[in-house]
Amino acid sequence: MNGLQFDPDRRLDVVAVGRLCIDLNANETGRPMEETMTFTKYVGGSPANIIIGAARLGMRTGFIGKLADDQMGRFIRSYLRKDGIDDSQVCVDRTGAVTGLAFTEIKSPQECSILMYRDHVADLLLNTEEISEAYIASSKALLISGTALAQSPSREAVFLALEFARKHNVTVFFDLDYRPYTWTSAAETAVYYNLAAEKSHCIIGTREEFDMMENLYNLAGADDQATAARWFSHQAELVVIKHGGSGSIGYTADGQSHRSGIFPAKVLKTFGAGDSYASAFIHSLMSGHSVSEAMRRGSASASIVISRHSCSDAMPTLEELEEFLRTNEEVTAGAQ
Ligand SMILES: Nc1ncnc2c1ncn2[C@@H]1O[C@H](COP(=O)(O)OP(=O)(O)OP(=O)(O)O)[C@@H](O)[C@H]1O
Ligand SMILES: O=C(O)C[C@@H](O)[C@H](O)C(=O)CO
C-alpha cells in the first residue's frame with residue numbers, strides 16, 4: 001500500500017506549478033563549456049520536464065506558471081500545447097522579465113554541469129492572484145518543485161496552491177529540486193523547504209537534498225529511514241530518496257520500505273534523471289501500481305532519458321517505456 005488517495009472524479013490527473021525555462025544543451029560533448037560553440041534548445045525547468053514526461057505517458061496534465069513575453073515564452077507555450085498540457089493557467093509577464101536559461105555542459109557521462117541564468121526570470125514572478133482555487137480543485141494531484149520557493153512572489157503563490165490543495169483533497173507531490181544558484185542562504189532554503197514538505201503527501205529528493213533540509217535542525221546525515229520517519233509525522237504517506245547510480249529507496253507511512261536498482265544505460269548525460277524518474281513514478285502510482293513498480297518505472301524512464309541529449313524531448317511515451325521494461329533487466333544495485 002502506498003497510502004496515497006486520488007479522487008477519481010477530477011478533470012485533470014496532475015497539475016504542476018513552477019518554472020518553465022529553456023535548456024541549451026551543448027552539442028559538442030566531451031569538452032568544457034568554454035570550448036562549446038553550439039547548443040540545442042529544448043523546453044526545460046524541472047517541473048516542466050516532469051509534467052511533459054507525465055503527459056507523454058498519457059496523463060491529463062496542466063501547468064500553473066509564468067512565461068516571459070518573448071519568443072522563448074511563446075516557444076514554451078506552443079511546446080506544452082503540442083504535448084496536450086493544459087496551459088490555461090500559464091500567464092505572461094508584462095514587466096520585461098526574461099526566460100530562465102540552463103546551459104548544460106557534457107564533459108563526460110559522469111561530468112555534467114549546468115550553468116543557470118536565473119536573474120529577473122518570469123517564473124519567479126508568479127503571484128497569488130494567478131493561483132486559481134477552482135483549477136487546483138479540478139486535479140487529482142499537484143506537483144510542486146523546490147526552486148519555486150526561492151523568491152517572492154512565487155514562494156507565496158506555491159504556499160497558496162498548497163492551501164487550496166489541502167482544502168480540496170488534492171494529493172501533493174513535492175520534488176525537492178534543490179538548485180543552489182537560486183538561493184541566497186542555507187537557513188532560508190531549509191526553512192521554506194521544510195514548511196512545504198510538511199504539507200506534502202509524497203516527497204521525492206536525493207540524499208543531499210534531504211540533508212540540506214535537515215541541516216537546519218542539526219539532523220543532517222540522518223539515515224534514510226530516519227529521514228522518512230520525520231515526514232510521516234506530518235502529511236507524508238510516501239518518501240522516496242534517490243541515490244543516483246545506486247538506485248533509490250522508498251518508505252511508506254505503514255512502515256514498509258522498497259529498494260529499487262537501476263537499469264543499465266548508455267549514459268550521455270546524467271541530468272534529467274530525477275525529472276524522468278519523477279514523471280514515470282507519479283504516472284505509475286496514479287495508475288494503481290505498487291510503490292516498488294512505480295520506482296522500477298521511474299528508474300527505467302531515467303535510464304532512457306540519461307542516454308539521450310535532452311530532458312523534455314527525451315521523455316518516453318508509455319509504449320517506449322514498456323518496450324524498454326520488456327527488453328531490459330533491472331540491476332539491483334540497491335540504495336545504500
Ligand atoms: N548512471 C545511472 N545509470 C542508471 N540509472 C541512473 C543513473 N543515475 C541515476 N539513475 C537513475 O535516476 C534516478 C534519479 O537519479 P539521481 O539520484 O541522480 O536524481 P537527481 O539528482 O534528482 O537527478 P538529476 O541529475 O536529474 O538532478 C536514480 O534513482 C536512478 O534510478
Ligand atoms: O530545472 C532546470 O531549470 C534545469 C532543467 O531544465 C534541466 O533539464 C535539468 O537539470 C533537469 O534535471
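Residues numbered from 1 in each chain as written. Chains lettered and ligands numbered in written order. Predicted model: local features only at pLDDT ≥ 70, side-chain atom pairs only at ≥ 80, totals over all residues. Heavy atoms only, no water.

- If you look the protein up in an unreviewed UniProt entry, it shows as 5-dehydro-2-deoxygluconokinase from Paenibacillus rhizoplanae.
- Listed under Pathway (unreviewed entry) in UniProt, the entry text for the protein is "Polyol metabolism; myo-inositol degradation into acetyl-CoA; acetyl-CoA from myo-inositol: step 5/7." (UniProt positions renumbered as here; feature names shortened; annotations may be inferred.)

1. Thoughts on the overall build of the protein
- Each helix and strand in the protein was counted, giving ten helices and 13 strands.
- For the protein, the C-alpha radius of gyration of 18 Å lies close to 20 Å, the compact-globule estimate for 336 residues.
- Its C-alpha atoms give the protein principal-axis dimensions of about 50 × 45 × 40 Å.
- Here the protein, with 336 residues, has 57% of them falling under the buried criterion.
- Taking contacts inside the protein between residues at least 6 apart in sequence as the whole, the part at least 24 apart equals 72%.
- Of the roughly 13200 Å² that the protein leaves accessible, carbon and sulfur atoms contribute 50%.
- Put simply, the protein has 31 plus and 43 minus side-chain charges, and the middle of one group is 3 Å from the middle of the other. (Helix = DSSP H or I, 4+ residues; strand = E, 2+ residues; numbered from the N terminus. Rg over C-alpha atoms; globule rule 2.2 N^0.38 Å. Buried < 20%, exposed > 50% of the residue type's maximum accessible area, 1.4 Å probe, protein only. Contact = heavy atoms within 4.5 Å. Areas by Shrake-Rupley, 256 points an atom, 1.4 Å probe, with all protein chains shown as cover. Lys, Arg positive; Asp, Glu negative; His and termini not counted. Charge placed at Lys NZ, Arg CZ, Asp CG, Glu CD.)

2. Concerning the site of ligand 1
- Every one of the 20 residues lining ligand 1 counts as a neighbour, but Lys 242, Gly 244, Gly 272, Ala 273 and Gly 274 are closest to it.
- Take Gly 247: an N or O atom from its main chain is 3.2 Å from an oxygen atom of ligand 1.
- Here an oxygen atom of ligand 1 sits 3.0 Å away from a polar atom, N or O, in the main chain of Ala 273.
- When ligand 1 sits alone it has 620 Å² of accessible area, and the protein chains cover 81% of it.
- Sorting the residues of the shell around ligand 1 by element identifies helix H8 (273-286) and helix H9 (291-306) as the ones contributing at least two each.
- For the shell around ligand 1, the element with the most residues is H9, which contributes four residues.
- When grouped by side-chain class, the residues that make up the shell around ligand 1 number eight nonpolar, eleven polar and one charged. (Near = heavy atom within 4 Å. Polar contact = N/O pair within 3.5 Å; in protein donor to acceptor, adjacent residues only side chain to side chain. Nonpolar A, V, L, I, M, F, W, Y, C, P; charged D, E, K, R; others polar.)

3. Structural notes on the packing of helix H4 (residues 154-167) against helix H5 (residues 186-197)
- Put simply, H4 and H5 touch, their axes get as near as 11 Å, and they point 20 degrees apart. In terms of orientation, H4 lies roughly parallel with respect to H5. Crossing geometry of H4 relative to H5 is assigned as left-handed. Of the residues in H5, those in contact with Arg 155, Phe 159 and Leu 162 of H4 are Glu 188, Tyr 192, Leu 195 and Ala 196. (Axes fitted to C-alpha atoms, helices over the stretch in contact; angles between N-to-C directions. Parallel < 35°, antiparallel > 145°, perpendicular 65-115°, else oblique. Left-handed = near helix turned anticlockwise from the far one by under 90°.)

4. Quick notes on the sheet that holds strand E5 (residues 86-92)
- Taken in spatial order, the nine strands line up as E5-E4-E1-E8-E9-E10-E11-E12-E13 in an open sheet, and their pairing is mixed. Only two strands of the sheet have a single partner each, and these edge strands are E5 and strand E13 (257-260). On average, adjacent strands in this sheet sit at an angle of 15 degrees to one another, irrespective of strand direction.
- Note: strand E12 (residues 248-252) against E13, four bridges, orientation antiparallel. Paired with Ile 249 across the strands is Arg 259, a residue of E13.
- Sitting on the sheet, helix H1 (residues 46-56) is in contact with strand E1 (12-17), strand E4 (61-67), strand E8 (139-145) and strand E9 (171-175), with an inclination near 155 degrees to E4. (Pairing = 2+ DSSP bridges.)

5. What about the site of ligand 2?
- Surrounding ligand 2, one finds Arg 19, Asp 23, Gly 44, Gly 45, Ser 46, Asn 49, Ile 114, Met 116, Arg 179, Gly 272, Asp 275 and Cys 311.
- In this structure, Arg 19 approaches ligand 2 through a side-chain N or O atom, which is 2.6 Å from an oxygen atom.
- Between Asn 49 and ligand 2, the recorded distance is 3.2 Å, taken from a side-chain N or O atom to an oxygen atom.
- Out of a free accessible area of 320 Å², ligand 2 has 97% covered by protein chains.
- Looking at side-chain class alone, the shell around ligand 2 contains three nonpolar, five polar and four charged residues.

6. Examining a nonpolar patch on the surface
- Taken together, the side chains of Val 191, Leu 195, Leu 216, Tyr 217 and Leu 219 make up a nonpolar region of the molecular surface, amounting to roughly 370 Å² of accessible area.
- For Tyr 217, the location among the structural elements is in the loop between helix H6 (207-215) and helix H7 (224-232).
- Overall, the relative accessible area of 41% leaves Tyr 217 in the partly exposed class. (Patch = residues over 30% accessible without salt bridge, like charges linked within 9 Å, V, L, I, M, F, W, Y side chains within 5 Å. Salt bridge = Lys/Arg side-chain N within 4 Å of Asp/Glu carboxyl O.)

7. Side note on the packing of aromatic side chains
- For the coordinates displayed, the defined rule picks out ten aromatic pairs.
- Taking the centre distance of 6.2 Å and the plane angle of 15 degrees together, the rings of Phe 6 and Phe 173 count as stacked. Of this pair, Phe 6 sits in the segment before E1 while Phe 173 is found in strand E9, placing the two residues 167 residues apart along the sequence.
- Between Phe 75 and Tyr 79, the ring centres sit 6.4 Å apart and the planes meet at 50 degrees, which makes this aromatic pair tilted. Placement of both Phe 75 and Tyr 79 in helix H2 (residues 71-82) is noted, with a separation of four residues, approximately one turn of the helix.
- On the accessibility criterion, Tyr 79 (7% relative accessible area) is buried.
- Feature note: the residues Phe 174, Tyr 178, Trp 183 and Tyr 193 constitute an aromatic cluster, connected by ring pairs.
- Taking NZ or CZ as reference, Lys 41 lies 4.0 Å from the ring centre of Phe 75, over its face.
- Over the aromatic face of Tyr 192 sits the side chain of Arg 155, whose NZ or CZ is 3.8 Å from the ring centroid. (Phe/Tyr/Trp six-rings, centres within 6.5 Å; stacked < 30°, edge-to-face > 60°. Lys NZ or Arg CZ within 6 Å of the ring centre and 35° of its normal.)

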